[in-house]
Amino acid sequence: MSTERELEEILAEIGLEHRAIGAPDKLESVLCAATAARISVKAAPRMRLAFTLAAVVILLAALAGVAVLWQTHIGHSSQIQQARSASPVQRTPQAIDPLTNRTQTHNLPAKPAQVRNIQKHDATPRHALLPHRTWNSLDEFVPLPASEGLPTAAELRVVRIKLRGSDLQQYGLQTPADAAGQTMLAEFVVGEDGLPRAIRIVR
Amino acid sequence: MTDEQLHRAALGGSSDAMAVLYSRHGGLIYRFTLQMSRDETIAEEITQEVFLALLTQLDRFDAERGSLSTWLCGIARRQLLKRLNRSDPPASFDVDEENQEQASCPSDGPAETLLRHEAVRLVHDGMNQLPPALREVVILCALEEMSYEQAAQVLLVPVGTVRSRLHRAKARLAVLLRGEMANTERKR
């Protein structure tokens, strides 16, 4: 047998022994853990992005909610303002200093609708209305029984005066006995003829 | 499942794919580094580094230019070279042409009576005494039964260089073998 051939056989034998050596098992678990950790590392930026997007969405939703509430508030305020402006009788006292006890006179432009409203109340039988009205329940303007039969006023104004409770009787209103001596501030709706059409008690 | 498919799955975080790749190619890498370094610790560390590189340098692997095993083996070889250059006196991977032939050539003689196990030990020891550039060729071509082309891809040298290096390595081993056989014959 030649040396070369002998060498080839020996190398083949060593090769068999060599290839029987396997990779260490302990490395496999390390590499698998490293592969899984790679997922975590890759997932971290995605999670951050997801949280950022969620935060932005929540912020936008909160802003939208605030905007809706603000619009609702504005709408409600404008409705209140419109309601107030639609009631000239209520607006008038705000223009008057309620703290002063001096009689003040305010000219109001003629408002046929308002007059008609008063005339409509005038059409109501006074004896049916008045018993339910007491002096301290006149926080709104009510037609005066004494104004019944008066012509429709073309121009109206509000006159604020101080009077006694007993004075209401001359306008056809009932006054409790204990309030007859009390002083009160009242507003009269007066026509261009100087005659009162309606009254309300300020305080 | 091809290595490329497993490759992509491992990149996607599949531990199972990595386990399969390791079972397919881990042995080659470990054996190669163990034979070259003759140190189990170094072999384990480099094997681990090679497969970790698989996760970070996958884009550098081109399946059209070679197989995954040769690519991994090439990485292992570079890692090993760095390690050897750091620790030991620089291990030249170049072939020492001056000393390559029959430096201690014993007398020629028949070796019919040489015991087989002694011959195997002699060749094994002779492999370890070979210059690294020759030893790695013997490991890849003779022990791992790689083709010249595959070994050339690992070593990044032409196929002709692989062939010539293997020829020189075998010649050296043959000289050792002949000398031992002659000595044994004389003793008889």
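Remember, predicted model here, so these are calculated numbers, not experimental data.

(A) Fine view of the overall build of chain A. Along the backbone of chain A there are 5 helices and 5 strands. Here chain A holds 203 residues, and 30% of them are scored as buried. Residue pairs in contact within chain A that sit at least 24 positions apart in sequence constitute 66% of those at least 6 positions apart.

(B) Main features of the overall build of chain B. In terms of regular secondary structure, chain B is built from 8 helices and 0 strands. Burial statistics for chain B: of 188 residues in total, 52% are counted as buried. A fraction of 66% describes how many contacts in chain B between residues 6 or more apart in sequence connect residues 24 or more apart. As displayed, chain B has an accessible area near 9100 Å², and 47% of this comes from carbon and sulfur atoms.

(C) Just the interface of chain B and chain A, in detail. At the interface, 38 residues of chain B touch 29 residues of chain A. Interface area, chain B with chain A, both sides summed: about 3200 Å², of which 67% is carbon and sulfur. In this assembly, chain B and chain A are joined by 4 salt bridges. Here B:Glu44 makes a salt bridge to A:Lys26, at a shortest N to O gap of 3.0 Å. Counting across the interface, chain B meets chain A through 10 residue pairs in polar contact (both at pLDDT 80 or more). Sorting the residues of the side of chain B that touches chain A by element identifies helix H1 (3-11), helix H2 (15-37), helix H3 (40-56), helix H5 (116-129), helix H6 (132-143) and helix H8 (159-187) of chain B as the ones contributing at least two each. It is H2(B) that provides the largest number of residues to the side of chain B that touches chain A, a total of 10 residues. Split by residue class, the side of chain B that touches chain A holds 21 nonpolar, 10 polar and 7 charged.

(D) Just helix H7 (residues 148-155) of chain B, in detail. Residues and elements named next belong to chain B. Looking at H7, one finds that the buried residues are Ala-151, Ala-152, Val-154 and Leu-155. Taken down its axis, H7 places every buried residue within 160° of arc, on the same side. Backbone geometry just downstream of H7 places Leu-156 in the positive-phi region, at approximately 60°.

(E) Examining helix H1 (residues 3-19) of chain A more closely. In this model, H1(A) (17 residues) spans 24 Å end to end at C-alpha, consistent with the 24 Å of a helix rising 1.5 Å per residue. Among the residues of H1(A), A:Thr3, A:Glu6, A:Leu7, A:Ile10, A:Leu11, A:Ile14, A:Gly15 and A:His18 are the ones counted as buried.

Criteria and cut-off values
Residues numbered from 1 in each chain as written. Chains lettered and ligands numbered in written order. Predicted model: local features only at pLDDT ≥ 70, side-chain atom pairs only at ≥ 80, totals over all residues. Heavy atoms only, no water. Helix = DSSP H or I, 4+ residues; strand = E, 2+ residues; numbered from the N terminus. Buried < 20%, exposed > 50% of the residue type's maximum accessible area, 1.4 Å probe, protein only. Contact = heavy atoms within 4.5 Å. Areas by Shrake-Rupley, 256 points an atom, 1.4 Å probe, with all protein chains shown as cover. Buried area = accessible area lost by both parts, 1.4 Å probe. Salt bridge = Lys/Arg side-chain N within 4 Å of Asp/Glu carboxyl O. Polar contact = N/O pair within 3.5 Å; in protein donor to acceptor, adjacent residues only side chain to side chain. Nonpolar A, V, L, I, M, F, W, Y, C, P; charged D, E, K, R; others polar. Arc of directions from axis to C-beta. Expected span 1.5 Å × (residues − 1).

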